[in-house]
Amino acid sequence: MLERALETVPLGSQTFSKSYLTYPEGRAPLFLDHGNGCRVTDVDGNEYVDFVSGLLPVVLGYGDPDVDGAVIDQIGRGVTLSLATRLEMELAELLVETVPCAEMARFGKNGSDVTTAAVRLARHVTGRDKVWVGGYHGW
């Protein structure tokens, strides 16, 4: 499967953190079929405890019934709609209520957008124009 992926996907994965270069050669699975809770199954049917936790399921694991139900419900109402939704407002209210120093909440679609906003905010607050150093903000 890796050879096939390498024909169309650089490093065989959409993110460097999932690339074959980050795992011991010949000792780690490279492609997963599915996950449930803390366990994943590779394309050959071998089951593992997932200590990597993908890019999202760190707290609840894969296939959490409450999360899956909420996602399925929202899919039925549409995703990435062109205007704001009640869900967006309700999440912002929950965050402001939960985080003592939060007065408002703004959502970003990826780490690059959020990092860019943080740099712009820092420039505004400090009155400075230059960023001393930049780097990868992911894992």
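Please refer to the structure placed before this passage.
Calculation criteria
Residues numbered from 1 in each chain as written. Predicted model: local features only at pLDDT ≥ 70, side-chain atom pairs only at ≥ 80, totals over all residues. Heavy atoms only, no water. Helix = DSSP H or I, 4+ residues; strand = E, 2+ residues; numbered from the N terminus. Rg over C-alpha atoms; globule rule 2.2 N^0.38 Å. Buried < 20%, exposed > 50% of the residue type's maximum accessible area, 1.4 Å probe, protein only. Contact = heavy atoms within 4.5 Å. Areas by Shrake-Rupley, 256 points an atom, 1.4 Å probe, with all protein chains shown as cover. Lys, Arg positive; Asp, Glu negative; His and termini not counted. Charge placed at Lys NZ, Arg CZ, Asp CG, Glu CD. Pairing = 2+ DSSP bridges. Salt bridge = Lys/Arg side-chain N within 4 Å of Asp/Glu carboxyl O. Axes fitted to C-alpha atoms, helices over the stretch in contact; angles between N-to-C directions. Expected span 1.5 Å × (residues − 1). Polar contact = N/O pair within 3.5 Å; in protein donor to acceptor, adjacent residues only side chain to side chain. Patch = residues over 30% accessible without salt bridge, like charges linked within 9 Å, V, L, I, M, F, W, Y side chains within 5 Å.

Along the chain, the regular secondary structure elements total four helices and three strands. Element order for the chain, N to C, with α for helix and β for strand: α-β-β-β-α-α-α. For 139 residues, the compact-globule estimate of 2.2 N^0.38 gives 14 Å, and the C-alpha radius of gyration of the chain, at 20 Å, exceeds that figure by more than 25%. Its C-alpha atoms give the chain principal-axis dimensions of roughly 50 × 40 × 30 Å. For the chain, the proportion of its 139 residues judged to be buried stands at 13%. Considering only contacts within the chain whose residues lie at least 6 apart along the sequence, 22% involve residues at least 24 apart. Of the roughly 12100 Å² of accessible surface on the chain, 58% is carried by carbon and sulfur atoms. Across the chain, the centroid of the 12 positively charged side chains sits 11 Å from that of the 19 negatively charged ones.

Now for the pairing of strand S1 (residues 32-36). Of the pairings in the sheet, the one linking S1 to strand S2 (residues 39-42) comprises four bridges and is antiparallel in character. Of the residues in S2, the one forming a bridge with Gly35 is Val40. The antiparallel pairing of S1 with S2 creates a hairpin that spans two residues between the two strands, and Gly37 there sits at a positive phi of about 65°.

The next point concerns the environment of Met89. Along the chain, Met89 turns up in helix H3 (residues 86-98). On a C-alpha basis, the gap between Met89 and Gln74 in space is 15 Å, while along the polypeptide they are 15 residues apart.

With that out of the way, let us pick up the pattern of salt bridges. The tally for this structure, following the rule as stated, stands at three salt bridges. In this structure, Asp113 engages Lys109 in a salt bridge whose closest nitrogen and oxygen atoms are separated by 2.9 Å. Using a relative accessible area of 70% as the deciding quantity, one classes Lys109 as exposed.

The antiparallel open sheet is built from three strands, whose spatial order is S1-S2-S3. The sheet is open, and its two borders are formed by S1 and strand S3 (47-49), each paired with just one other strand. When the angles between neighbouring strand axes are averaged without regard to direction, this sheet yields 25°. Examined bridge by bridge, S2 and S3 share three bridges and lie antiparallel to one another. By the bridge assignment, Arg39 is partnered in S3 with Val49.

For the rest of this paragraph, the subject is helix H2 (residues 65-77). The terminal C-alpha atoms of H2, which comprises 13 residues, lie 19 Å apart, in line with the 18 Å expected from a rise of 1.5 Å per residue. By the N-cap criterion, in which a side-chain oxygen at the helix start approaches the backbone nitrogen of a residue two or three places on, H2 is capped by Asp64, the distance to Asp66 being 3.2 Å. Just downstream of H2, Gly78 is the residue with a positive phi angle, here 105°.

A word on a nonpolar patch on the surface. Where nonpolar side chains cluster on the molecular surface, the patch consists of Val58, Val59, Leu60, Val67, Val71, Ile75 and Val79 and spans about 680 Å² of accessible area. Looking at where Val59 falls in the secondary structure, it is placed in the loop between S3 and H2.

For the rest of this paragraph, the subject is the environment of Gln74. You can see Gln74 is positioned in helix H2. With 13 residues separating them along the chain, Gln74 and Leu87 place their C-alpha atoms 9.4 Å apart. Those residues within four positions of Gln74 in sequence are excluded, and the remaining contacts are Val79 and Leu87.

Moving on, we come to the side chain of Asp50. Along the chain, Asp50 turns up in the loop between S3 and H2. Despite its burial, Asp50 pairs with no opposite charge, the nearest such side chain being Lys18 at 8.9 Å. Once you skip the residues sitting within four places of it in the chain, Asp50 turns out to touch Cys38, Arg39, Val40 and Tyr62.

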